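# Structural description and commentary
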Amino acid sequence: MKQYHSNKHPLLTRYLLAFAFISYVSISCNNNKNKLITRISRIDSPQVSWNVLFKPGTDSLARDAAIKNIISSIKEYYYKNYDKKNRKDYVLLLNPIIWCPCDSLLYNISFSLITASGQSVIGPPPSKGHIAGSGRIVTNISDNIPITERNKIHTEDKRSKTILRNLGIDSSKILAIIDSGIDTTRFTGEIKNLIWSDQFASTIYNFLPFQPLQDFSDKTGEKHGSAVTAIAIKAIEKASRYPKIMILKALNNTNQGSIFSVSCALSYAIQKKANVINLSLGYYGLGDSILRHYLELCNSAKPVIEVFAAAGNTTGTHNPLDLCNANSLKHNNILATGQNMFYPACFTTDFNNLTSVTQLSQPTNPCYYQNYSNRLVSLGIIDKTNCCAMRVSFNLYEGSSFVTPVASGLKMLTILRGGNTPTANTIWNSLIDFAPQPNVTIKGKYISYAPTQP
């Protein structure tokens, strides 16, 4: 298998936002009317995208054999379930197989069945229970769920920069930010000293298709990843030094990624021993088993890796005048078990090291457009300087994505002050208050936060 990257042809797809396409299956064109025609091709909109997770210790020969068996099962499914008379008019398009460049156990397969006229054929095979050849070496095969993060900007000043303070750097402490990258021109020059790099191998920053692994640039119009990073750095400033900031780019220029890109970035952060991980992203739906697997690895790491995830927001137009609406509790943005679930935040009940974060206007009142729950949201943040919005030097942002790095930054501050010891936990617990009515977060937990002024 040969791994390659290119930035000349970005892959525009709903399901597959991954990286490093790998081609190991040769092109096969069969004109026999009793056989499906199969082609290896980059598909703009694959009908199906599956993630495949192998068990630890599975060697490359076994992985290749299993992947080939899975593809054979896909062909067999379509062969059995489509009209034999017209089968010659169907073409099975396969994307080249890809895998995570830092984790050879994580693969992705994507494909589409189209007619001779180029139209997609509805009715993909199920990913579970019908795949031959996976045997005992595959832990899971699951849909590659799209991950995105919508956010709102209420003011903008493209000329301003986030000013870093004259603090030392503790290179042994790492805050990993899995997001859309960073635009270093939105910071003063000291930012280059904070960005983490691997001292023993080539650094991987970028997990998106056909882009250089070392490209961490934030190409989003609203500078999503840059804002998240700036907010986290601001929350750390009351420490005597900064940590290293590990930039892991898993969202593209429209803030879209996938379970695959985020899981691979998580794997990298775990391997490189990050202390804290910030996930200002998510999706509505069912909990994904492969994403859960990597969060479980964070929980079993020694020391445990603390993960902070955005609780999510409502969709649609957000009126700035409603952000601190006193009737927020009547607004339909409550996370409910088994119903309105937002992941990875809703994994918080599974892992003690995962904190789901939302913003509050008051200890018992959520922000109008942000999710809340006294069963699924671990922590609320009250910004004393901006009600239901977060100020960055170059913008005023609204949404749970931008309050999550306050929590992850404060957690890193406690680690810098106390180390990975009970002292750090004591400092963290001292920051937390409890609302008299625990109706919007678990046990009413919240932190009152006042960012340092320039």
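Conventions used here
- Residues numbered from 1 in each chain as written.
- Predicted model: local features only at pLDDT ≥ 70, side-chain atom pairs only at ≥ 80, totals over all residues.
- Heavy atoms only, no water.
- Helix = DSSP H or I, 4+ residues; strand = E, 2+ residues; numbered from the N terminus.
- Buried < 20%, exposed > 50% of the residue type's maximum accessible area, 1.4 Å probe, protein only.
- Contact = heavy atoms within 4.5 Å.
- Areas by Shrake-Rupley, 256 points an atom, 1.4 Å probe, with all protein chains shown as cover.
- pLDDT = per-residue confidence, 0-100.
- Axes fitted to C-alpha atoms, helices over the stretch in contact; angles between N-to-C directions.
- Parallel < 35°, antiparallel > 145°, perpendicular 65-115°, else oblique.
- Left-handed = near helix turned anticlockwise from the far one by under 90°.
- Disulfide = S-S within 2.5 Å.

### Quick word on the overall build of the protein
Secondary structure summary: the protein contains 7 helices and 24 strands in total. Put simply, the protein has 454 residues, and 57% of those count as buried. Expressed as a percentage of contacts within the protein between residues at least 6 apart in sequence, the contacts between residues at least 24 apart total 80%. Of the roughly 19200 Å² of accessible surface on the protein, 49% is carried by carbon and sulfur atoms.

### Description of the confidence of the model for the protein
Summary statistics for the protein give a mean pLDDT of 85 and a share of 84% for residues scoring 70 or more. Of the regions scoring below 50 in pLDDT, residues 1-34 engages in 111 contacts with residues more than four places distant in sequence or in other chains.

### Examining the packing of helix 6 (residues 404-418) against helix 7 (residues 422-431)
At a closest axis distance of 8 Å, the pairing of helix 6 and helix 7 adopts a crossing angle of 140°. Accordingly, the angle class assigned to the pair helix 6 and helix 7 is oblique. For the element pair helix 6 and helix 7, the recorded crossing hand is right-handed. Counted together, Ala407, Leu410, Lys411, Thr414, Ile415, Arg417 and Gly418 of helix 6 and Thr423, Ala424, Asn425, Ile427, Trp428 and Leu431 of helix 7 form the full contact between these two elements.

### What about the state of the cysteines?
Under the counting rule described, the total for this entry stands at 3 disulfides. Cys100 shares a disulfide with Cys264; S-S distance 1.8 Å. With the S-S bond torsion at 70°, the cross-link from Cys100 to Cys264 turns out right-handed. Placement of the pair is Cys100 in strand 6 (residues 98-100) and Cys264 in helix 4 (residues 259-271), with a sequence separation of 164 residues. For Cys100, a relative accessible area of 1% corresponds to the buried category. Here Cys324 pairs with Cys387 through a disulfide, and the sulfurs are 1.8 Å apart. Residues Cys324 and Cys387 share a disulfide whose torsion about the S-S bond is about -135°; that sign makes it left-handed. Remark: Cys387 occurs in the loop between strand 20 (379-383) and strand 21 (390-392) and Cys324 occurs in the loop between strand 16 (306-310) and strand 17 (342-343); sequence separation between them is 63 residues. The disulfide pattern of the protein is 1-2, 3-5, 4-6 when the bonded cysteines are numbered in sequence order. Left unpaired, Cys102 is separated from the closest cysteine sulfur, that of Cys100, by 3.3 Å. On the basis of relative accessibility, which here comes to 15%, the residue Cys102 falls in the buried class.

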